[in-house]
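These are the residues of each chain, in order.
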Amino acid sequence: TSSDQSGSEADRTISQNIRQAIVADQSVSTNGKNVKIITVDGAVTLRGPVRGEKEKTNIGAKAQQIAGVRTVDNQLEIAN
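Below you will find a few notes about this structure. (Residues numbered from 1 in each chain as written. Predicted model: local features only at pLDDT ≥ 70, side-chain atom pairs only at ≥ 80, totals over all residues. Heavy atoms only, no water.)

Some points on the side chain of Ser29
Note the cut-off: Starting at the N terminus, helices and strands are each numbered in turn, a helix being any DSSP run of H or I of at least four residues and a strand any DSSP run of E of at least two. In what follows, a contact means two residues having at least one pair of non-hydrogen atoms within 4.5 Å.
The topology assignment puts Ser29 in the loop between helix H1 (9-24) and helix H2 (30-33). In this view, Ser29 contacts Arg51 and Glu55; residues no more than four positions away in its chain are not counted.

In structure tokens:
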């Protein structure tokens, strides 16, 4: 939930930058663009449904590339 998100400026900025990278990618589905991004002390958790394994991997990689990210826990689920 949004209450899981850290209130620190650095963590909010990381989440915003990840969201911008995902939304800018035209290959990402609508579900993929709406995944939950939770950042606490640089540790990012991704949750929600995505179109397939390729999209799950793609979103996880985008999150990992953002400055300040220490770890990514990719909990994205493949939607049927």
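Having seen it, we continue.
Quick look at the sheet that holds strand E2 (residues 43-50)
Worth spelling out the cut-off: Strands are labelled as partners when DSSP assigns at least two bridges between them. With axes taken as lines fitted to C-alpha atoms, and helix axes fitted only over the stretch in contact, angles between N-to-C directions fall between 0 and 180 degrees.
Spatially, three strands are ordered E1-E2-E3 in an open sheet, and the strand pairing comes out mixed. The sheet terminates laterally at strand E1 (36-40) and strand E3 (71-78), the two strands that pair on one side only. Adjacent strand axes in the sheet meet at a mean angle of 10 degrees when their direction is disregarded. Strand direction decides the pairing type here: E1 and E2, joined by five bridges, are antiparallel. From the neighbouring strand, Ile37 faces E2, where its bridge partner is Leu46. H1 contacts E1 and E2 of the sheet and is inclined by roughly 150 degrees relative to E1. Against the sheet, helix H3 (residues 53-65) touches E2 and E3, its axis set at about 160 degrees to E3.

Some details on the pattern of salt bridges
Operational definition: Definition used for salt bridges: Asp or Glu carboxyl oxygen within 4 Å of a side-chain nitrogen of Lys or Arg. Burial status follows relative accessibility: with a 1.4 Å probe on protein chains alone, a residue under 20% of its type maximum counts as buried, one over 50% as exposed, and anything between as partly exposed.
Counting across every chain of the model gives three salt bridges. Its salt-bridge partner being Arg12, residue Glu9 comes within 3.5 Å of it at the nearest N-O pair. Taken together, the residues span about one helical turn, with Glu9 and Arg12 both in helix H1 at a distance of three residues. On the accessibility criterion, Glu9 (56% relative accessible area) is exposed. A salt bridge links Arg51 to Glu55, with the shortest nitrogen-to-oxygen separation between them at 3.3 Å.

Concerning the nonpolar core
The following threshold applies: Residue types Ala, Val, Leu, Ile, Met, Phe, Trp, Tyr and Cys, when buried and joined through side-chain atoms within 4.5 Å, form a set referred to as a nonpolar core.
Counting residues in hydrophobic clusters, the biggest one holds 14 residues, and the most contacted among them are Ile18, Ile22, Ile37, Val44, Leu46 and Ile59. Of all the elements in the fold, those that place two or more residues in this core are H1, E2 and H3. Those residues in contact with Ile59, other than ones at most four positions away along the chain, are Ile22, Val28, Gly32, Leu46, Val50 and Leu76.

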